[in-house]
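Report on the structure
Here are the chains, one letter per residue:
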Amino acid sequence: MDENGIVAEVSELTPEDSRKIIEHVDVLDAIRLIADRDPAQRKIFIRGLALDTNNVPFSSVFARYLLQKLFRPSVATWDQSPFYLDLPSNMVGSFLMGWLGIVFKADINQVSHLLAIGLTTGFLGSLTTFSGWNQKMLELSANGHWVASMLGLLIGMLLVDISIRVGVETATGFRCLLNRRGMLNSSTWTVDSYRRQICVWVVLFLLGLLWIISGTLVRSRLEGEHRSAVLWLAFMVGPPGVWLRRFLARLNGRGLGRKGLMKWVPFGTLVANVFAACLMAALATIRNVVDTKRCDIIVTGIQFGFLGCLSTVSTFVAEYHDLRQSKHPRRAFVYSMITIVPSFALGTLIYSVPVWTKGYQ
C-alpha cells in the first residue's frame, strides 16, 4: 500500500523466490510455530494432490500385506490374542509418522509439498488401519473373549502411542546430527528440472499401469475363485479409500456448526475411522450370511484395500500426539475415546449381535 492508500498489484512469486522465503530461518520458525499451535493447521489442501495419493496406496497395501505374512498368526498373533494381525503395520506406520509426518515434514515440504502429503496421508495413512484393529476386537468379543478384546484396545493404543513417541525422539536426534554436519540442504532435491519431472511422470504412469493390470487379474482370479484375487482386488479399491479420506480431511479444524465449536477435534479423521469400522463390521456380517468362497474373497479384498486405506492409525495417533503436546493434554484422551468407543459400540450392534442371535461361526 502506498502513501495514497492504493494497494499495489503483487506480482506472482516464482518457485525460486518462494523457496528463498521459506528457507529464511525466521519465516520457517514462524510457520512451524503456527502449525504446532493448532494440529488442524497441518492439514493443507494442495491442488494436484491426487497425483501422489492415488498411486501411493499400491505400495502401502503391499507393505501391509507383507507385514501380515511376516507376522502371521503362527508367529506373533493368534485368534484368541489381543495382538491382532495389523498391529505390526500400525506400529511401523506410527513410528515412521514420527519421522516423516512430524520431525522431517517441514524439510520434505521444501523438496515437494506433494511428496510430503503423499508420504504421510497416502503411504503412512494407508499402511496403518483402524478398521482392521477394531474388527479384530469385535471378533474376540463376539466369541466371548471380552478380556482379550478390551486388552487389545488398550494395548493397541499404548503400542502405537509409544511407537510415534520413539519415532519423534529418534528422528529429532538424527535431525540434530544432520544439522551439525550441514546435510539438511534440500534445494538440490527439488523436482524443478525437466528430467526430474519426467522421472516422476514415468513412475506415476507405471503405477497407473499396475492399477489397470490389477483389474484384469482380479477378473481372471475371481472367476477361478483363487485366493490371490484378494490382493489384486485390494490394489484396485485402495485408491478410492484414500480419495474419500482426503475429502473428509477437509472437515479437520472446522468444528461444529456455524460457530465452529470444538475446532480442536479432527472430525475428518474421526468420521473416516468410525465409518470404516462400521462398514468393516457390516461386510463381515454379509460374509457370514452369504458364506461362499467368492463372497469371502470379495469382502476380504474390500476390507483390506478400500477400508484399510480409508481408516488410519498413523494420522489418528499423530493427532493424539499433537493434542498431548498442546495446552490441553486431556483433549487427547477425549479424542481417543470418541473414536474408539463409538466404533466398537456400533460394530457390536452391526457384527456381534447377529453372531449371537443367529449363531454364525
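Treat the numbers as computed from the prediction; the structure is a model and nothing was measured.

A few points about the nonpolar core
- Membership of the largest hydrophobic core comes to 45 residues, with the highest contact counts inside it found for W133, M137, M157, Y335 and Y351.
- Taken together, the elements giving at least two residues each to this core come down to helix 5 (87-103), helix 7 (113-127), helix 8 (130-142), helix 9 (146-180), helix 12 (267-290), helix 14 (314-325) and helix 15 (330-358).
- Take this core: its biggest share by element is eight residues, from helix 9.
- Setting aside anything within four residues of it in sequence, one finds Y335 in contact with W264, V265, P266, T269, L270, F316, E319, Y320 and L323.
- With 13 residues, the next largest nonpolar core counts A276, V299, L307 and L310 among its residues.

Things to note about the pattern of salt bridges
- Counted under the stated rule, the structure contains four salt bridges.
- In this structure, D107 engages R175 in a salt bridge whose closest nitrogen and oxygen atoms are separated by 2.9 Å. Taken together, the positions of D107 in helix 6 (residues 105-111) and R175 in helix 9 put the pair 68 residues apart, joining distant regions of the chain.
- Residue D107 is classed as buried on the basis of its relative accessible area of 9%.

Looking at the packing of aromatic side chains
- Taken as a whole and assessed by the stated rule, the structure comprises eleven aromatic pairs.
- Here W232 and F235 contribute two aromatic rings whose centre-to-centre distance is 5.6 Å and whose plane-to-plane angle is 70°, an arrangement assigned as edge-to-face. In this pair, W232 and F235 are both assigned in helix 11 (residues 229-248), three residues apart and thus about one turn of the helix distant.
- Put simply, the rings of Y84, F130, W133, F316 and Y335 touch in pairs and so form one group of aromatic residues.
- The ring of F304 is capped by R64, whose NZ or CZ atom sits 4.6 Å from the centre of that ring.

Quick notes on helix 13 (residues 293-310)
- Here helix 13 spans 25 Å end to end across 18 residues, near enough to the 26 Å set by a 1.5 Å rise per residue.
- Bending of helix 13 peaks at approximately 30° at the position of Q303.
- Counting buried residues along helix 13, 13 of its 18 residues qualify, which places the element largely inside the surrounding structure.

So, the side chain of S126
- Relative to the assigned elements, S126 resides in helix 7.
- A distance of 3.3 Å separates the side chain of S126 from the side chain of R245, its partner in a polar contact.

With respect to the environment of I164
- In this fold, I164 is placed in helix 9.
- Judged by its relative accessible area of 0%, I164 is buried.
- Setting aside its immediate chain neighbours within four residues, I164 contacts S94, F95, M97, G98, I102, V317, A318 and H321.

A look at the packing of helix 5 against helix 14
- Taken N-terminus to C-terminus, the directions of helix 5 and helix 14 make an angle of 60°; their axes are 9 Å apart at the nearest point. Relative to helix 14, the element helix 5 lies oblique. The element helix 5 and its partner helix 14 pack so that their crossing is right-handed. From helix 5, G93, S94, M97 and I102 reach across to helix 14, where they touch S314, T315, V317, A318 and H321.
- Among the residues making up the contact of helix 5 with helix 14, the classes are represented as four nonpolar, five polar and no charged.

About the criteria used
- Residues numbered from 1 in each chain as written.
- Predicted model: local features only at pLDDT ≥ 70, side-chain atom pairs only at ≥ 80, totals over all residues.
- Heavy atoms only, no water.
- Core = buried A, V, L, I, M, F, W, Y, C linked by side-chain atoms within 4.5 Å.
- Buried < 20%, exposed > 50% of the residue type's maximum accessible area, 1.4 Å probe, protein only.
- Helix = DSSP H or I, 4+ residues; strand = E, 2+ residues; numbered from the N terminus.
- Contact = heavy atoms within 4.5 Å.
- Salt bridge = Lys/Arg side-chain N within 4 Å of Asp/Glu carboxyl O.
- Phe/Tyr/Trp six-rings, centres within 6.5 Å; stacked < 30°, edge-to-face > 60°.
- Lys NZ or Arg CZ within 6 Å of the ring centre and 35° of its normal.
- Expected span 1.5 Å × (residues − 1).
- Bend = angle between axes of the 7 residues up to and from the residue.
- Polar contact = N/O pair within 3.5 Å; in protein donor to acceptor, adjacent residues only side chain to side chain.
- Axes fitted to C-alpha atoms, helices over the stretch in contact; angles between N-to-C directions.
- Parallel < 35°, antiparallel > 145°, perpendicular 65-115°, else oblique.
- Left-handed = near helix turned anticlockwise from the far one by under 90°.
- Nonpolar A, V, L, I, M, F, W, Y, C, P; charged D, E, K, R; others polar.

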